[in-house]
Amino acid sequence: MRFEILRLDDVDGSAVDSTVVDAASVNRIVQQAAAVGQRLLIRPAETVSN
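Below, the structure is looked at part by part. (Residues numbered from 1 in each chain as written. Predicted model: local features only at pLDDT ≥ 70, side-chain atom pairs only at ≥ 80, totals over all residues. Heavy atoms only, no water.)

1. Some thoughts on the environment of Ser14
Formally: Elements are defined by DSSP. Helices are runs of H or I of four residues or more, strands are runs of E of two residues or more, and each kind is numbered from the N terminus. A simple rule labels every residue: compare its accessible area, found with a 1.4 Å probe on the protein chains alone, to the largest value its type can have, and call it buried under 20%, exposed over 50%, or partly exposed in between. Two residues qualify as a contact provided that any one of their heavy atoms is within 4.5 Å of a heavy atom in the partner residue. Pairs of N or O atoms within 3.5 Å make up the polar contacts considered here, provided that, within protein, one atom can donate a hydrogen while the other can accept it, and that residues adjacent in sequence are counted only when both atoms are side-chain atoms.
Residue position: Ser14 is located in the loop between strand S1 (2–8) and strand S2 (15–22). On the basis of relative accessibility, which here comes to 34%, the residue Ser14 falls in the partly exposed class. With sequence-adjacent residues up to four places away left out, Ser14 is seen in contact with Arg7, Leu8 and Asp9. A distance of 2.8 Å separates polar atoms of two side chains, one belonging to Ser14 and the other to Asp12.

2. Side note on the environment of Asp22
For Asp22, the location among the structural elements is in strand S2. We classify Asp22 as partly exposed; its relative accessible area is 34%. Sequence separation of Asp22 and Ala33 is 11 residues, and the distance between their C-alpha atoms is 17 Å. A distance of 2.6 Å separates a polar atom in the side chain of Asp22 from a polar atom in the side chain of Ser25.

3. Focus: the nonpolar core
Which entries qualify depends on this criterion: To define a nonpolar core, start from buried Ala, Val, Leu, Ile, Met, Phe, Trp, Tyr and Cys residues and group those joined through side-chain atoms within 4.5 Å.
Formed by Phe3, Ile5, Val21, Val26 and Ile29, the largest nonpolar core amounts to five residues. Elements with a minimum of two residues in this core: S1 and helix H1 (23–36). Residues within four places of Ile5 in sequence aside, it is in contact with Asp17, Ser18, Thr19, Val21, Val26, Ile29, Leu40, Leu41 and Ile42.

4. Description of the sheet that holds S2
Stated formally: Note on pairing: DSSP must find at least two bridges between two strands before they are called paired. To get an axis, a line is fitted to the C-alpha atoms, and for a helix only the part in contact is used. The angle between two axes follows their N-to-C directions and goes from 0 to 180 degrees.
What the three strands build is an open sheet, ordered S2-S1-S3; its pairing is antiparallel. Two strands in the sheet have a free side with no partner beyond their single neighbour: S2 and strand S3 (39–44). The average undirected angle you get between the axes of adjacent strands in this sheet is 25°. Where S1 meets S3, six bridges bridge the pair, whose relative direction is antiparallel. Note on S3: the bridge partner recorded for Ile5 is Ile42. Taken strand by strand, H1 contacts S1, S2 and S3, and its axis lies near 140° from that of S2.

This is how it looks when you write it as structure tokens:
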């Protein structure tokens with residue numbers, strides 16, 4: 001499963017940037033964000049069906 005991780009602005013909470021990662025990478029990114037006090041929004045990535 002893939003997740004979209006949005007980094008949020010500290011002042012107004014708006015999305016500053018985003019990235020799509022696999023499930024195995026989510027924990028590492030959350031740990032890094034927690035270490036510096038960064039706010040994240042994590043949601044399942046939209047998939048495109050053909």
